[in-house]
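Coordinate inspection notes
Take a look at the letters that make up each chain.
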Amino acid sequence: MLDGLNWLLDPAHWSGSRGIPTRLLEHLAITGLTLLIAGVIALAAGLAIGHTRRGRGLVVGLSGALRAMPTLGLLVFIAVQFGFGVRLAIIPTLIVLVVLAIPPILAGAYAGVESVDPATVDASRALGLTEWQILWRVEFPLALPLIVGGLRSAMLQVVATATVAAYISLGGLGRFLFDALPLRDYPQMLAGAILVAALALILDLLFLLVGKAVLPAGVRATRGTRRSKTPTERTAA
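Residues numbered from 1 in each chain as written. Predicted model: local features only at pLDDT ≥ 70, side-chain atom pairs only at ≥ 80, totals over all residues. Heavy atoms only, no water.

In plain terms, the rule: UniProt positions are given in the numbering used here, feature names are shortened, and annotations may be inferred rather than shown by experiment.
Looking at an unreviewed UniProt entry, the protein carries the name ABC transporter permease, with the source organism given as Mycetocola tolaasinivorans. In its Sequence similarities (unreviewed entry) section, UniProt records this for the protein: "Belongs to the binding-protein-dependent transport system permease family."

Okay, structure coming up:
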């Protein structure tokens, strides 16, 4: 552990094209692009399923199948089978990571919309709102905390798994692991693992804060009222 920390504290490892800042930016770029693509696909499908209440069973089964796929094996299969070279290595990497990120985002989206009180939706229809307006003005804002929770879960999985990108010659924090493995440079490997874990924790905290920030004011006020009641008042209610 001390050797790993000493490796991290060495100024020589914080500069150059192979330094920690460069690898960190590469890792963030892969993670961000993955979440963007997966978010567009999964949010569109999840909001539609949650609003219409159709296709939930199919989605649950599909999500379970996607979660069970071996990431590294799928990455190597796609890269070799379709002949992606080093210059196009980002394509199979993104495919694999998007497949990994879709299930939690999809689940958060449709679960968030389904959790909206049906009475609230019926009241919106009674006011003359169209289905599109109900989705975006009523259901989507109320579902945001669960949607952010799905994105948070996907982010953690992608940050940890994006290290496999280095297996097919891409950058990111995984380079510290795969470059050090043949040389048995365990301090570098440990340092890479520490960086990945630290990045995941920092991003997780940011998503946690965002999740609290997007909580609708009415819901926040209701929760505050419930917490302020005494046990006797709650029982009476």
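Now, onward.
1. Digging into the packing of aromatic side chains
Selection criterion: Note on ring pairs: Phe, Tyr and Trp rings are taken, using the six-membered ring of Trp, and paired if centres are within 6.5 Å. Classes follow the plane angle, with under 30 degrees stacked, over 60 edge-to-face and the rest tilted. Numbered from the N terminus, helices here are DSSP runs of H or I no shorter than four residues, and strands are runs of E no shorter than two. The buried label goes to any residue with under 20% of its type's maximum accessible area, the exposed label to any with over 50%, and the partly exposed label to all in between, with areas taken from a 1.4 Å probe on protein chains only.
Counted under the stated rule, the structure contains four aromatic pairs. Measuring from ring centre to ring centre gives 5.3 Å for Trp 7 and Phe 176, while their planes differ by 70°; the resulting arrangement is edge-to-face. Taken together, the residues Trp 7 in helix 1 (residues 2–9) and Phe 176 in helix 8 (residues 174–180) connect sequence positions 169 residues apart. In this pair, the class of Trp 7 matches that of Phe 176, namely buried. In textbook terms, an aromatic cluster arises when at least three aromatic residues are bridged by ring pairs, as seen for Trp 132, Trp 136 and Phe 140.

2. A look at the UniProt feature "transmembrane region" (unreviewed entry) in the protein
UniProt tags residues 28–50, 57–84, 90–113, 158–178 and 190–210 as "transmembrane region" (unreviewed entry). Annotation note: span residues 28–50, helix share 100%, strand share 0%, distance between end C-alpha atoms 30 Å. The span residues 158–178 shows a helical share of 43% and a strand share of 0%, and its end C-alpha atoms are spaced 17 Å apart.

3. Topic: the environment of His 51
Formally: Polar contact is defined as a pair of N or O atoms within 3.5 Å, subject to the rule that within protein one atom must be able to donate a hydrogen and the other to accept it, and that residues adjacent in sequence are counted only when both atoms are side-chain atoms.
By secondary structure assignment, the location of His 51 is in helix 2 (residues 20–52). On the accessibility criterion, His 51 (16% relative accessible area) is buried. Among the polar contacts made by the side chain of His 51, one reaches the side chain of Glu 139 at a distance of 2.6 Å.

4. Topic: a nonpolar patch on the surface
Convention followed: For patch detection, residues must exceed 30% relative accessible area and be free of salt bridges, and they are connected within 9 Å for like charges or within 5 Å for nonpolar side chains (Val, Leu, Ile, Met, Phe, Trp, Tyr). Accessible areas in this description were obtained via Shrake-Rupley with a 1.4 Å probe; residue shielding takes into account the shown protein chains only. One speaks of a salt bridge when a side-chain nitrogen belonging to Lys or Arg is within 4 Å of a carboxyl oxygen belonging to Asp or Glu.
A cluster of nonpolar side chains, namely Leu 33, Leu 36, Ile 37, Val 40 and Ile 41, defines an oily patch on the protein surface of about 420 Å² accessible area. Relative to the assigned elements, Ile 37 resides in helix 2.

5. A few points about the packing of helix 1 against helix 9 (residues 186–213)
Geometrically, a packed helix pair is captured by the angle between its two axes and the distance between the axes. As a reminder, the rule being used: Whenever a helix is involved, its axis is fitted only over the stretch in contact; in every case the axis is a line through C-alpha atoms, and angles between N-to-C directions fall within 0 to 180 degrees. Oblique is the label for any angle not under 35 degrees, not over 145, and not in the 65 to 115 range, which are roughly parallel, roughly antiparallel and roughly perpendicular in turn. By definition, residues are in contact when any of their heavy atoms lie within 4.5 Å. Side-chain classes follow a simple rule in which Ala, Val, Leu, Ile, Met, Phe, Trp, Tyr, Cys and Pro form the nonpolar group, Asp, Glu, Lys and Arg form the charged group, and the remainder, Gly included, forms the polar group.
Relative orientation of the contacting elements helix 1 and helix 9 amounts to 75°, with a least axis distance of 8 Å. What the angle tells us is that helix 1 and helix 9 run roughly perpendicular. Taken together, the residues of helix 9 that come into contact with helix 1 (itself represented by Asp 3, Gly 4, Leu 5, Trp 7 and Leu 8) are Pro 187, Gln 188, Leu 190, Ala 191, Ile 194 and Leu 195. Split by residue class, the contact of helix 1 with helix 9 holds eight nonpolar, two polar and one charged.

6. Description of the environment of Val 80
Following the sequence through the fold, Val 80 ends up in helix 4 (residues 71–81). Taking the relative accessible area as the measure of exposure, Val 80 reaches 63% and is therefore exposed.

7. Structural notes on the pattern of salt bridges
A full pass over the atoms with the stated rule returns five salt bridges. The shortest N-O distance in the salt bridge between Glu 131 and Arg 125 comes to 2.8 Å. By relative accessible area, which is 37% here, Glu 131 ends up partly exposed. The structure contains a network of salt bridges with shared partners spanning Asp 122, Arg 125 and Glu 131.

8. Quick notes on the packing of helix 2 against helix 5 (residues 90–114)
Here is the rule we go by: Left-handed describes a crossing in which the near helix is turned anticlockwise from the far one by less than a right angle; the clockwise case is right-handed.
Between helix 2 and helix 5, the shortest axis-to-axis distance is 6 Å and the interhelical angle comes to 35°. As for how helix 2 packs across helix 5, the hand of that crossing is right-handed. Here the contact of helix 2 with helix 5 is built from residues that sort into 21 nonpolar, five polar and one charged.

9. Re the side chain of Thr 71
Assignment of secondary structure puts Thr 71 in helix 4. Of the residues examined, Thr 71 reaches a relative accessible area of 17% and is grouped as buried. Setting aside residues no more than four positions away along its own chain, Thr 71 makes contact with Val 96, Leu 100, Thr 161 and Val 164.

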